[in-house]
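Architecture and fold: a report
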Amino acid sequence: MIDSQKEFRKRTTTRNESSRESRTRVRNATFPQPSPVPGDNQSPRVAYQRVSVHGLHTTGVPMEDLDRAASLLIEALSMRRRYMEVAGQSFPTDLANFLSALDSSRSPGGQLSRNFSKILREIDSEMYLPMAEASDSLEFQYNEISGQWSTSAVEMADASQIGVPGQGRASFESQEEVAGAAELNDVDPWACHTPPDKNYVFRWSAGVVRVFRNEEDMQASAPLNNQFVNFTQYVEDLSKLGEMISDGPLKSFCYRRLCYLFSKFKMHVLLNEIHELALQKAVPHRDFYNVRKVDTHIHAASCMNQKHLLRFMKRTLRERAGEVVAMHNGRPRTLKSVFEDMRLDAHDLNVDLLDVHADRNTFHRFDKFNAKYNPVGESRLREVFLKTDNHLNGLYFAKIIKEVMVDLAESKYTYVEPRISIYCKRADEWGRLAAWAIGHGVHSPHVRWVVQIPRLYDIYRIKKLIKNFQEFLNNLFDPLFQVSINPSYNPELHQFLTHVIGFDSVDDESKPENPYPNEAMKRPDEWDDEENPPYSYYLYYMYANMTVLNQIRKEQGMNTFVLRPHCGEAGPSAHLSVGFLLAENISHGLMLRKFPVLQYLYYLAQVSIAMSPLSNNSLFLRYHRNPLPDFFARGLRVTLSTDDPLQFHYTKGS
């Protein structure tokens, strides 16, 4: 009897152990243990629950549609890769390797679609790394395919990093390195490498700068081998993208993939949310307020909130009332007299009277929104307080910008990339801007500048400030080529450019225009109409000349620039197509929600999108309809930015 009971318990124990082993095998097969990180002597990463899709038709579409979609998407990604590489802008390394692997393995019989399907699975498997895997950072965890954020690293959301001036687009591996760079900047903020003059010569040809080694080469039409995409090729590529956007089967495929990505992220949240929150709480010292944050889209003229501007104006009026701030009909005007003309004094001013905050009246009214830059509705006050080029050489604007920089230094963990304007009305604007920054000491290790170019050629032409669009380009690029070839031409501009990381293009995108260019369009030297060139025309000539400029600066060992335009805030799909081809990243991108092909391409290429829901809420799209959460869930590379704190904020940023 006793022996029978022992035998029964033995058989039961063996059966239970076998069952546990079976469950373990199933569990490990379903949620495999990740391998240790190379070079990591600690334990492997936490085994989050993962769900994978297997089977013959994992994409959910027939093989013929997959093969067609694969061909078109690969063609579009290859086009962007070519544009990025020739301009010296970033392109995801993993994606470049995938495209190279496809090029080497293309063969008939559906091989392309099978390879592309495999690549989609490999990309998707890397897109949803848990948000708490970073050991000491709680920023948004962007897609690992492009190496967007790394643990305890200060990296820009668009890969243009804050670094030591003169050292190019440097990145930091730790917060200690950032502190060290900041200390170096405090010692000599304008210190930079100054190469010897090259004495090259250049001239314009069909709207693009061609650089020659000497006068003899220029006479012989033998330019340096500086690569760029010509206008004809650009028009052809843009037309191809336009056809892809309207391709029915491709739209269906991209829409299904976007839905799949969204559902996959929701499943990830359901399975791992509690675990991630627990790991976040376990991170010592770090929380949202003391991790490095970079505002990748903010305008310098509105980087302060309205209360800050009000306090500064009242203080300046009390302390500098007798200072001459403008000339009117040849007569000097003091700050006090300017306010007296408006029947105001320091005591009368308040936030409501300042009237710089956006309200419901600015919705779909870009003109009214721009008017909010004028304190008390007076352009005179904007000229005095918020301009770099005025009677005081931008003294007041420099002072308030430096106060914002002091706030950034006190917060310690916040960095910004403010937009500063070059209007292209005169050739000396770059020199004046550099003199303003260096003369007034407008610098900070927390700040790197992006130069914004307003698309206002038509206004300048009507006022007869310029003769044609070529003159607009001359005013923008001539000083940059001169100082890049011969730094001694303008040492101040050479120093200032080490603090500049890229170019932006700004204006109202909802203006009616012919969105797609054609080969028959006038060249810039022939464009003397009062009509404004289309968005695609502006950006091509900015991109093409920036490409040549980057190659010259790289040869000289200088930092290079990127193109980061406002794109997709409103207007046609062609704007987003232009951004996909030419820009390293874009600002806003709201219209992507209407074009699944472009949205999926932005996902695959990991094009960074700096989004500003508060800004959009007052201009083009109400807050609850903003697509930022959906973009983030689908794996697009998005960042939060402030855009215009003066118009939208009541308090200081974090």
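Residues numbered from 1 in each chain as written. Predicted model: local features only at pLDDT ≥ 70, side-chain atom pairs only at ≥ 80, totals over all residues. Heavy atoms only, no water.

Looking at an unreviewed UniProt entry, one finds the protein chain named AMP deaminase and attributed to Iphiclides podalirius. Under the heading Sequence similarities (unreviewed entry), UniProt records this for the protein chain: "Belongs to the metallo-dependent hydrolases superfamily. Adenosine and AMP deaminases family." (UniProt positions renumbered as here; feature names shortened; annotations may be inferred.)

1. Considerations on the overall build of the protein chain
Counting its regular elements, the protein chain contains 24 helices and 13 strands. Considering the protein chain as a whole, with its 654 residues, one finds that 54% of them fall into the buried category. A separation threshold of at least 6 residues defines the contact pool for the protein chain, and within that pool the share at least 24 residues apart is 72%. Counting only carbon and sulfur atoms, one obtains 51% of the accessible surface of the protein chain, whose full area is about 29500 Å². (Helix = DSSP H or I, 4+ residues; strand = E, 2+ residues; numbered from the N terminus. Buried < 20%, exposed > 50% of the residue type's maximum accessible area, 1.4 Å probe, protein only. Contact = heavy atoms within 4.5 Å. Areas by Shrake-Rupley, 256 points an atom, 1.4 Å probe, with all protein chains shown as cover.)

2. Re the pattern of salt bridges
Enumeration according to the criterion identifies 21 salt bridges in this entry. Across the pair Arg315 and Glu403 runs a salt bridge whose closest N-O atoms are separated by 2.4 Å. Within this pair, whereas Arg315 is found in helix H9 (residues 306-319), its partner Glu403 is found in helix H14 (residues 395-411), the two being separated by 88 residues in sequence. A relative accessible area of 25% means that Glu403 is categorised as partly exposed. (Salt bridge = Lys/Arg side-chain N within 4 Å of Asp/Glu carboxyl O.)

3. Some details on the environment of Asp359
By the secondary structure assignment, Asp359 is in the loop between helix H11 (351-354) and helix H12 (366-371). On the accessibility criterion, Asp359 (31% relative accessible area) is partly exposed. Taking C-alpha positions, Asp359 is 8.8 Å from Phe369, a pair spaced 10 residues apart along the chain. The residues touching Asp359, leaving out its near neighbours within four places in the chain, are Lys372 and Ser618.

4. Some details on the side chain of Asn272
By secondary structure assignment, the location of Asn272 is in helix H8 (residues 248-282). Asn272 gets classed as buried once you look at its relative accessible area, which sits at 2%. Those residues in contact with Asn272 that lie beyond four places of it in its chain are Tyr48 and Gln49.

5. Some words on helix H20 (residues 573-582)
Owing to its 3.6 residues per turn, the α-helix aligns residues three or four sequence positions apart on the same side. The buried count for H20 comes to 10 of 10 residues, which makes it a mostly enclosed element. Looking at H20, one finds that the buried residues are Ser573, Ala574, His575, Leu576, Ser577, Val578, Gly579, Phe580, Leu581 and Leu582.

6. Quick look at the nonpolar core
Ranked by internal contacts, the top residues of the largest apolar core, which has 163 residues, are Phe339, Phe385, Trp430, Trp449, Phe496, Phe580 and Tyr602. Apart from residues lying up to four places away in sequence, Phe385 is in contact with Phe312, Met313, Thr316, Leu335, Phe339, Tyr396 and Phe397. (Core = buried A, V, L, I, M, F, W, Y, C linked by side-chain atoms within 4.5 Å.)

7. A short note on a nonpolar patch on the surface
Taken together, the side chains of Val51, Met267 and Leu270 present a nonpolar region at the surface, about 310 Å² in accessible area. If you trace the backbone, Leu270 turns up in helix H8. (Patch = residues over 30% accessible without salt bridge, like charges linked within 9 Å, V, L, I, M, F, W, Y side chains within 5 Å.)

8. Some thoughts on the sheet that holds strand E6 (residues 414-421)
Strand order across the open sheet formed by 5 strands is E3-E6-E7-E8-E9, with parallel pairing between neighbours. Whereas interior strands pair on both sides, the edge strands pair on one side only; in this sheet they are strand E3 (293-299) and strand E9 (562-563). Pairing analysis gives 2 bridges linking strand E8 (residues 500-506) to E9, with the strands arranged parallel. Counted as the bridge partner of Phe503 is Leu563 from E9. (Pairing = 2+ DSSP bridges.)

9. Thoughts on the side chain of Asp508
Topologically, Asp508 is positioned in the loop between E8 and helix H19 (535-555). Notably, Asp508 is buried but unbridged: the nearest opposite-charge side chain belongs to Lys511, and the N-O separation is 6.0 Å. A distance of 2.6 Å separates the side chain of Asp508 from the side chain of Ser510, its partner in a polar contact. (Lys, Arg positive; Asp, Glu negative; His and termini not counted. Polar contact = N/O pair within 3.5 Å; in protein donor to acceptor, adjacent residues only side chain to side chain.)

10. Some points on the environment of Ser411
Within the secondary structure, Ser411 sits in helix H14. Using a relative accessible area of 26% as the deciding quantity, one classes Ser411 as partly exposed. At 2.9 Å, the side chain of Ser411 and the backbone oxygen of Leu408 are in polar contact.

11. Quick notes on the sheet that holds strand E10 (residues 566-567)
Here 4 strands make up an open sheet; going across it, the order is E10-E11-E12-E13 and the pairing parallel. Every other strand in the sheet has two partners, leaving E10 and strand E13 (638-640) as the edge strands with one partner each. Direction of pairing for E10 relative to strand E11 (residues 585-588): parallel, over a ladder of 2 bridges. Following the sheet pairing, Cys567 is matched in E11 by His588.

12. Here's the deal with the packing of H19 against H20
For the pair H19 and H20, interaxial distance at closest approach is 10 Å and the crossing angle is 10°. By the angle between their directions, the pair H19 and H20 is classed as roughly parallel. Residues Tyr535, Ser536, Leu539, Tyr540 and Tyr543 of H19 pack against His575, Val578 and Leu582 of H20. Broken down by class, the residue content of the contact of H19 with H20 amounts to 6 nonpolar, 2 polar and no charged. (Axes fitted to C-alpha atoms, helices over the stretch in contact; angles between N-to-C directions. Parallel < 35°, antiparallel > 145°, perpendicular 65-115°, else oblique. Nonpolar A, V, L, I, M, F, W, Y, C, P; charged D, E, K, R; others polar.)

13. Regarding the packing of helix H2 (residues 63-87) against helix H7 (residues 231-245)
Across the interface, H2 lies against H7 with an axial gap of 11 Å and an inter-helix angle of 145°. For H2 against H7, the interelement crossing comes out left-handed. Of the residues in H7, those in contact with Leu72, Glu75, Ala76, Met79, Arg82 and Tyr83 of H2 are Gln233, Tyr234, Asp237, Lys240, Leu241 and Met244. Partitioned by chemical class, the residues of the contact of H2 with H7 number 7 nonpolar, 1 polar and 4 charged. (Left-handed = near helix turned anticlockwise from the far one by under 90°.)

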